[in-house]
Amino acid sequence: MYVRFQARDANQRGTFPGVFALVNGLAAAGKLTPAQESFRRSSYDWYDANLANPSDIDPTVYDRDLNHGAEAWFKESAADHIAHVAGHLDILALHGVGCDILRSTDPGAVVYEDDHQIVVVPYQPSTQH
């Protein structure tokens, strides 16, 4: 089983950004409080130390031409990684940004995999919640 946290609503490209992209968008727009920004930075430090960045291993993994719509999913066994998402969900809720939790045994064609996550190209656009 795989788990994904993504926007409730599609962006301009018709894709559903993940939880980290959503929080980064709020940060880029200057909407986070100092405490929220501090949490975001410390949380990202934790993820940097405990989760590989697929783009560092394979720079083409999120290439829009090669892997259109590629999205990351946690493996259900990555319980610590999933638990760390909670604070991000809290931030999104406080800012009125909808975020859904999706679960799937087969979310798409796998283009990257490690012990904690997969990156897939969805078989169909992620429109079901």
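Residues numbered from 1 in each chain as written. Predicted model: local features only at pLDDT ≥ 70, side-chain atom pairs only at ≥ 80, totals over all residues. Heavy atoms only, no water.

### Brief notes about the confidence of the model for the protein
Then, in step 1: When pLDDT is averaged along the protein, the result is 94; 95% of the residues meet or exceed 70.
Then, in step 2: Averaged over each element, pLDDT in the protein is lowest for helix α3 (residues 54-57) (95) and highest for strand β1 (residues 2-7) (98). (pLDDT = per-residue confidence, 0-100. Helix = DSSP H or I, 4+ residues; strand = E, 2+ residues; numbered from the N terminus.)

### Comments concerning the environment of Arg8
Then, in step 1: Tracing the backbone through its elements, the reader meets Arg8 in the loop between β1 and α1 (19-28).
Then, in step 2: In sequence terms Arg8 and Gly18 are 10 residues apart; their C-alpha atoms lie 9.7 Å from each other.
Then, in step 3: Within the structure, Arg8 has its side chain in polar contact with the side chain of Asp100 (distance 2.9 Å). (Polar contact = N/O pair within 3.5 Å; in protein donor to acceptor, adjacent residues only side chain to side chain.)

### Here's the deal with the pattern of salt bridges
Then, in step 1: Taken as a whole and assessed by the stated rule, the structure comprises 5 salt bridges.
Then, in step 2: Note that Glu71 is salt-bridged to Arg4, the shortest N-O span being 3.7 Å. Taken together, the residues span a long stretch of sequence, with Glu71 in strand β2 (residues 71-75) and Arg4 in strand β1 at a distance of 67 residues. Each of the two residues, Glu71 as well as Arg4, counts as buried.
Then, in step 3: The residue Arg41 makes a salt bridge to Glu37 at a minimum N-O spacing of 2.8 Å. Of the two residues, Arg41 and Glu37 are both situated in helix α2 (residues 34-50); the distance of 4 residues between them amounts to about one turn of the helix. (Salt bridge = Lys/Arg side-chain N within 4 Å of Asp/Glu carboxyl O. Buried < 20%, exposed > 50% of the residue type's maximum accessible area, 1.4 Å probe, protein only.)

### Quick look at the layout of surface pockets
Then, in step 1: Space inside the largest pocket adds up to approximately 1100 Å³.
Then, in step 2: Lining the largest pocket are 39 residues, with Arg4, Gly18, Tyr62, Glu71 and Ala72 sitting closest to its centre.
Then, in step 3: When contributions to the lining of the largest pocket are tallied by element, the ones reaching two or more residues are β1, α1, α2, α3, β2 and β5 (117-122).
Then, in step 4: Of the residues in the lining of the largest pocket, the class split is 20 nonpolar, 13 polar and 6 charged. (1 Å grid on protein atoms, 1.4 Å probe; cavity = no way out; pocket = protein on both sides within 12 Å on 5 of 7 lines; lining within 4 Å. Points joined across faces, edges and corners; volume = space filled by probe spheres on them. Nonpolar A, V, L, I, M, F, W, Y, C, P; charged D, E, K, R; others polar.)

### Description of the side chain of Gln117
Then, in step 1: Within the element layout of this structure, Gln117 appears in strand β5.
Then, in step 2: Its relative accessible area of 5% is what places Gln117 among the buried residues.
Then, in step 3: Reaching out from Gln117, the side chain makes a polar contact with the side chain of Asp114 at a distance of 3.0 Å.

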